[in-house]
Structures are given as structure tokens and as C-alpha cells.
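Read off the chains here:
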There are 2 protein chains.
Amino acid sequence: MAYQSESLIAQAREIREASGVSQRALSERAGLTQSHISQIESGKLEPGLSSFIDMTRALDLELMLVPKKLVPAVLGLVKAQAMPDMHIHAGQPNDKRFARAERLVKKMKHLYGSSADLDRIEDTIRFLRRVNLSDQEMQLVRELIARLERYQASAQAAPVVHDIAQNLQRLRNSLAHAAPSEPRPAYSLDDGDADA
Amino acid sequence: MAYQSESLIAQAREIREASGVSQRALSERAGLTQSHISQIESGKLEPGLSSFIDMTRALDLELMLVPKKLVPAVLGLVKAQAMPDMHIHAGQPNDKRFARAERLVKKMKHLYGSSADLDRIEDTIRFLRRVNLSDQEMQLVRELIARLERYQASAQAAPVVHDIAQNLQRLRNSLAHAAPSEPRPAYSLDDGDADA
DNA sequence: CGTCCCGATACAGAATAATGCATCATTCGT
DNA sequence: ACGAATGATGCATTATTCTGTATCGGGACG
């Protein structure tokens, strides 16, 4: 229905498809339901800003505010860069575990309000899931998530959450250095503009 | 509550303030209520994607999808450009008329569904209101709007709407050429990033 | 001191997004 | 021909946005 967001949503969809990510996969990564995404993409629903951000972030995109004046410049930049080959690292066996974790965090966020810690956790999880983890690392993550699950409703959750956030981030940082080559873009990111 | 959109919203607010636009003024331009905007800006409410787009467009901004990889580049571009002096052309006496018109269009859109024509009208109005119109031109606009108002509920609205859209756009095009110098940016468009 | 504009807040009501399932028709690989 | 995965749809329920309108305290200006 809403015309303004149409182009943005269409772009997101194109990129999702070009990256070979299914709605279901995306829904898990983004913490939304497949049904939801389908309706958004087919224009039957106008997403909330944060839903849309979740979607796009899960596609390795950022939503940015740009002065109208230099939209063309940015468009140029983007288009130039959008050539190469690979597609985003899709579902590993562990995906479901991560998906659940992300859901959990999301739920906690809008139950107790979002905190910097919860947010860090969410972010880190998104990062971790697209990395190949050794058994040992995976083990650590599993434990942390389990701990989060256990304490989610506890009155004393705050410090626990903080600790978990810290541990996850530590892991993330350690990986960020040794990380070998990884997936890259594939989409085109065009527009459908026609001004008078 | 939602952390992801926080930065975006904060940016929008900064820019609004830097441009010397009040919430009320913005609310009129964007077709939202002041109350709504206040709540969005103070984080008490998570806007819908289209609401947010309306807001930002009214501030001469575009919401763009950018691959994470080249966020820094875009940021550079934007920041470089953001120096000068003026502020966005604020309320003229005619503003209220335009505001009402925009509201009307919005209402029609979500009453009968948005059409390309309605959208064109909305867009054009947004453009026209920031231009100094001669009495004659203003007269034309006033008539067109009045016509729209009259036919809004009519069963035969479609062709009328189409005609109005066309007329408005014609006016817009004629202005786009002769247009003298006009307002420019003033804001900074920074970020609050801190990665690990 | 009075007035005007600002942003924040309240509140009732209508409209919609979003969840959580479940299902279906199609397409694709085997 | 079969099974798996994809996107579209339906539906009931809950949560949230958004409108409209009105008020309030604060700051600026005269």
C-alpha cells in the first residue's frame, strides 16, 4: 500500500534473492517469521522501522540517512562496488540453535526493555553464526546461550546477561583477528528512479 | 526501546533541529501529528517504516540501503558535504494550505489504497511548498487542491485525481527549470559508532 | 506579566503490525 | 514420481502504532 517504502523493500528483496537466501532463512536470522517477511515483500504489509532494519541487517545491509542532494553520488558508489561473486554464508547445522538464541534475545528485549548488553549479545550472535566455529568454540557458545535461557526470567538476570555479553564479545574479538577469507556480495542494488 | 533504529532516529532529530524545523512544522510537512513525532524522537514509540520515511523526506533526506562494507565510504561522502550555512525554507503563510492538502492525500491513500497518481500528487506538493510561488501559480495550486477536496469521496474520483496529478506535475516541471537559488544544508550528519 | 511557540504527555479509539501455526501450489533436484 | 524446500495465504490473538485532540511546563519576546 505504501508507496514510499516500496523501492526500499524491493531492493531488499532483490538482494535477498541474489544472495540465495530464502525467506525462511532470513526470517531466522532476522528474528521475524517467514509469514511476516512474505507479506512485507509482497507489499501486503508495511513493516515497522525496526523490523525492516532487522531484515536488512541480516542481509549485510545498512539503512542510512542521506541528504537528497547526494543520493546520486551514493548510488554511484554503491553500484560501482556491486560486482563480485560469492553469496552470503547460508545455513549450517548450528543455525537453528542460533536462531532460537536470537529469538530469545529479541523476546527479552521487548520484555524487559533493550539494554546495551542484550544488544551486544544480539549483534555478536549474528556475527558468530556466519563464522565456522571449532567444536570447542561452539561448545562455549552453547553454554552461554543455555545460561541465558536459564536466567532469562530471573530477577537477578542483569549481571548474568552482562557477563554473557562480555564472554560472547571476547570470543568474537578473538575470531575477528584470525578469521580467514569469507563470503562477499553478489547483488546489484539498483534503483527504479525516474524523476522529472 | 528498539536499539537498532535509535541511531537513525537520533540523526533525524539532530538534522531537524539543526535545520530549525519544529516538530509541529515537520509534522505538517510529513503528514503526521506532532504528538507522534515527539514520541518517536524520544524513543517512546517505534515508528513504522513509512512514517519514518515521511519524516526524513520532509527533511530533505533519503533513506538508503547500503552494503555494510561501504558504510564508511558513504559516511565520508556525507560528512564532507555537510558544511554550509542555510536552513530549510520554513513556514510561509501558505504552509497550512499545503499541510491540509498533504493530509488529505494521505487519508485518501489509505482509504482507497495508494495509486501512482496520489503518490505523484503527494510528492509534488512537497516540492511545491518549498518554492516561492507567484500569485498566479499559487492560485492554480489552490484550485487544484480544492478540486481534489471536492472529489475526494466521489465514485468518479480516479480520472479527476489523475488530471490533478498531471497538472501539478506540469507546474512542478515548469518551476524546476527557472528555479533560482534556494536553501541548503546545515546539519552535520554524524554517527555514534563504536565497534570492537 | 501576558503571549506565543516549543516539546512532552495523556488518553480514547481505530487501524495495523506481528506472532505463531498450518496449509497449499510450485519448483527443483534426484 | 517422490520428497524437500520455497513463497504465498489464512487465521486467531496480541501488541503496537497512529490519529485526534487537549493539556502542561518552560523558554523567549514584548
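- With an unreviewed UniProt entry as reference, chain A is termed XRE family transcriptional regulator, source organism Mesorhizobium denitrificans.

1. Points about the protein's contact with DNA strand C
Part 1: Every one of the 23 residues lining DNA strand C counts as a neighbour, but A:His36, A:Ser51, A:Arg103, B:Arg16 and B:Gln23 are closest to it.
Part 2: For DNA strand C, the fraction of protein-proximal atoms (within 4 Å) that sit in sugar or phosphate groups is 74%.
Part 3: Here a base nitrogen of DNA strand C sits 3.5 Å away from a polar atom, N or O, in the side chain of B:Ser35.
Part 4: Elements with a contribution of two residues or more to the surface near DNA strand C: α3 (34–41) and α6 (95–112) of chain A together with α1 (6–18), α2 (23–30) and α3 (34–41) of chain B.
Part 5: Per-class residue counts for the surface near DNA strand C are three nonpolar, 12 polar and eight charged.

2. A word on the protein's contact with DNA strand D
Part 1: Surveying the vicinity of DNA strand D reveals 24 residues, the closest of which are A:Gln23, B:His36, B:Glu46, B:Ser51 and B:Arg103.
Part 2: The sugar-phosphate share of atoms of DNA strand D within 4 Å of the protein amounts to 72%.
Part 3: Within the contact set of DNA strand D, a phosphate oxygen lies 3.3 Å away from a side-chain nitrogen or oxygen of A:Ser22.
Part 4: Every element with two or more residues in the surface near DNA strand D is listed here: α1 (6–18), α2 (23–30) and α3 of chain A together with α3 and α6 (95–112) of chain B.
Part 5: Looking at the surface near DNA strand D residue by residue, the classes come out as three nonpolar, 12 polar and nine charged.

3. A closer look at the nonpolar core
Part 1: Judged by nonpolar contacts, the single largest core of 38 residues is most densely connected at A:Phe52, A:Leu63, B:Phe52 and B:Leu63.
Part 2: Every residue in contact with B:Leu63, bar those within four places of it in the chain, is listed here: A:Leu8, A:Leu63, A:Met64, A:Leu65, B:Leu8, B:Leu49, B:Phe52 and B:Ile53.

4. Concerning the environment of B:Thr33
All names here are of chain B.
Part 1: Looking at the element boundaries, Thr-33 is found in the loop between α2 and α3.
Part 2: Taking the C-alpha atoms as reference points, Thr-33 and Gln-23, 10 residues apart in sequence, are found 8.7 Å from one another.
Part 3: Look past the residues within four positions of Thr-33 in its chain and what remains in contact with it is Ser-27 and Arg-103.

5. Here's the deal with the side chain of B:Ser51
Residues and elements named next belong to chain B.
Part 1: By secondary structure assignment, the location of Ser-51 is in helix α4 (residues 49–57).
Part 2: We classify Ser-51 as buried; its relative accessible area is 13%.
Part 3: Apart from residues no more than four positions distant in its own chain, Ser-51 is found in contact with Leu-32 and His-36.

6. Details of the pattern of salt bridges
Part 1: Enumeration over the complete set of coordinates arrives at 13 salt bridges over all chains.
Part 2: Among the ionic pairs, B:Arg13 bridges to B:Glu41, the shortest N-O distance being 3.4 Å. Residue B:Arg13 is found in helix α1, and its partner B:Glu41 is found in helix α3; the two are separated by 28 residues along the sequence.
Part 3: Through salt bridges that share partners, A:Arg13, A:Arg16, A:Glu17 and A:Glu41 make up one connected network.

Conventions adopted
- Residues numbered from 1 in each chain as written.
- Chains lettered and ligands numbered in written order.
- Predicted model: local features only at pLDDT ≥ 70, side-chain atom pairs only at ≥ 80, totals over all residues.
- Heavy atoms only, no water.
- Near = heavy atom within 4 Å.
- Polar contact = N/O pair within 3.5 Å; in protein donor to acceptor, adjacent residues only side chain to side chain.
- Helix = DSSP H or I, 4+ residues; strand = E, 2+ residues; numbered from the N terminus.
- Nonpolar A, V, L, I, M, F, W, Y, C, P; charged D, E, K, R; others polar.
- Core = buried A, V, L, I, M, F, W, Y, C linked by side-chain atoms within 4.5 Å.
- Buried < 20%, exposed > 50% of the residue type's maximum accessible area, 1.4 Å probe, protein only.
- Contact = heavy atoms within 4.5 Å.
- Salt bridge = Lys/Arg side-chain N within 4 Å of Asp/Glu carboxyl O.

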